[in-house]
Amino acid sequence: MTLRLRAPRRLVAVASAGALALSLAACGGTTKDSSDDSGSKAAAGGEKADPNAPLKKGLKIAFLPKQVNNPYETIVDNAGVAAAKEYGGSAKEVGPSDASASSQVSYINTLIQQRHDAILIAANDQNAVCGPLKQAMAKKIKVVAYDSDTAPECRNVFINQASSEEIGRSEVKLLADQIGGKGDIAILSATANATNQNTWIKYMQDELKKPEYSGMKLVKIAYGDDDDQKSFQQTQGLLQAYPNLKGIISPTTVGIAAAARYIDGSKYKGKVTLTGLGTPDQMRKFIKNGSVKSFELWDPKNLGYLASYAAAALASGQITGKQGETFKAGKLGDRTIGANGEVILGPPTVFDAKNIDQYHF
């Protein structure tokens, strides 16, 4: 979904657990200070890791996405389910059809009752899910946040698709490059409580304070709630309310696709620039017909794959979630837990007309 600009087409990976805490989050406040490891310590408790422990066979894990009808989340979860078969476990995807703050709570409670070995969650709200997740951890069920983080004390590790800071700042750079660094801009986000969205937006706002963006003005942050029709309508509303709008950043796969569809069929095509986070398959048409010039994203299959192996490593006792611990993530190789229990997948890719046909997901 996200995130590096014109010069280097591939972002520099921030191996130090710096941000994607964009994830993480999305910006509102889920970014953690890299020097603070209290969250992962709390999650790990008094457990000790045994890096030489074999992965247990027959592990039962469940993916709980923001919503089950989100195409991006489906790609992530399907890859995680397939990964479980590699290490002899079983996995499934369950979840709500809407992305409201409390919609995931009942599913967590059910998974606790079913005694899963690990719950993997892309949180709609970093705090709303904390109560039941803490209950799961108290029952020795491991908790892995992925894509969108929970509060750190409510999970063992967080699998971040990229550095949150890099994603947020790169989105601004990408748009600025396309509109010449001048004009009114807007952000079309998912839900107002989404951790990863808020974290990215926080870094976007900070990036816009730099002198080189003095000609750009953020006039509105709109929320499409990761709903296609609402995101479509929000795009329409932005363009009608702000006639001088030059660009839109939509750091959500649902939002960017809906916005691109609206722009493609409107008088704004070729006049208003859209970028953000999307998958190549959903955006290919809009890149080729000129509605969108470029956007970013990481490989969602690898995100689900990495999350699945992290859950297995936790449930097998190889790791506890503390900074510095390492585990093997199948074809992705050795991975190290960074500050605050965060594991970063790697740098995202910028997709445009020159390279989009090289990717299919």
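Residues numbered from 1 in each chain as written. Predicted model: local features only at pLDDT ≥ 70, side-chain atom pairs only at ≥ 80, totals over all residues. Heavy atoms only, no water.

Draft legend 1. Just the sheet that holds strand S6 (residues 183–189), in detail. Sheet architecture is open: 4 strands sit in the order S7-S6-S8-S9, paired in parallel fashion. The strands lining the two open edges of the sheet, one partner per strand, are strand S7 (216–223) and strand S9 (273–276). With strand direction ignored, the average angle separating the axes of adjacent strands in the sheet is 20°. Bridge count for S6 against S7 is 7 bridges, and the pairing is parallel. Considered in S7, the bridge of Ala186 is made with Lys220. Lying on the sheet, helix H6 (residues 164–179) is in contact with S6, S7, strand S8 (245–250) and S9; it crosses S9 at an angle near 160°. (Pairing = 2+ DSSP bridges. Helix = DSSP H or I, 4+ residues; strand = E, 2+ residues; numbered from the N terminus. Axes fitted to C-alpha atoms, helices over the stretch in contact; angles between N-to-C directions. Contact = heavy atoms within 4.5 Å.)

Draft legend 2. Spotlight on the packing of H6 against helix H7 (residues 195–207). H7 packs onto H6 with a crossing angle of 50° between their chain directions and a minimal axis gap of 7 Å. Relative to H7, H6 is oriented oblique. Crossing of H6 over H7 shows right-handed handedness. Residue-level contacts link Ser164, Glu165, Ile167, Gly168, Arg169, Glu171, Val172 and Lys173 of H6 to Thr199, Trp200, Tyr203, Met204, Asp206 and Glu207 of H7. Tallied by class, the residues present in the contact of H6 with H7 amount to 5 nonpolar, 3 polar and 6 charged. (Parallel < 35°, antiparallel > 145°, perpendicular 65-115°, else oblique. Left-handed = near helix turned anticlockwise from the far one by under 90°. Nonpolar A, V, L, I, M, F, W, Y, C, P; charged D, E, K, R; others polar.)

Draft legend 3. How the structure looks around the nonpolar core. Ranked by internal contacts, the top residues of the largest apolar core, which has 76 residues, are Ile159 and Trp298. Sort the elements by how many residues they give to this core and helix H11 (residues 300–315) lands first, with 11 residues. Ranked by size, the runner-up nonpolar core spans 17 residues in total, among them Ala62, Ile119, Ile121 and Ala136. (Core = buried A, V, L, I, M, F, W, Y, C linked by side-chain atoms within 4.5 Å. Buried < 20%, exposed > 50% of the residue type's maximum accessible area, 1.4 Å probe, protein only.)

Draft legend 4. Representation of helix H10 (residues 280–288) within the structure. Along H10, the residues that are buried comprise Pro280, Met283, Arg284, Phe286 and Ile287. Those residues of H10 hidden inside the fold are in contact with helix H9 (253–264), strand S10 (294–297) and strand S14 (349–352). Remark: Gly290 follows H10 within two positions and exhibits a positive phi of approximately 85°.

Draft legend 5. Main features of the side chain of Asp125. Assignment of secondary structure puts Asp125 in the loop between strand S3 (118–121) and helix H5 (130–138). The buried charged residue Asp125 lacks any salt bridge partner; its closest oppositely charged side chain belongs to Lys66, at an N-O distance of 11 Å. Within the structure, Asp125 has its side chain in polar contact with the backbone nitrogen of Asn127 (distance 2.8 Å). Of note is the side chain of Asp125, whose polar atom sits 2.9 Å from the backbone nitrogen of Ala128. With residues up to four places along the chain from it excluded, the contact list for Asp125 reads Ala101, Asn193 and Thr195. (Lys, Arg positive; Asp, Glu negative; His and termini not counted. Salt bridge = Lys/Arg side-chain N within 4 Å of Asp/Glu carboxyl O. Polar contact = N/O pair within 3.5 Å; in protein donor to acceptor, adjacent residues only side chain to side chain.)

Draft legend 6. Main features of the environment of Gly333. Residue position: Gly333 is located in the loop between strand S11 (326–328) and strand S12 (334–336). For Gly333, a relative accessible area of 25% translates into the label partly exposed. The spacing of Gly333 and Leu306 is 27 residues in sequence and 9.5 Å in space, taken between C-alpha atoms. Setting aside residues up to four positions removed in sequence, Gly333 forms contacts with Phe327 and Lys328.

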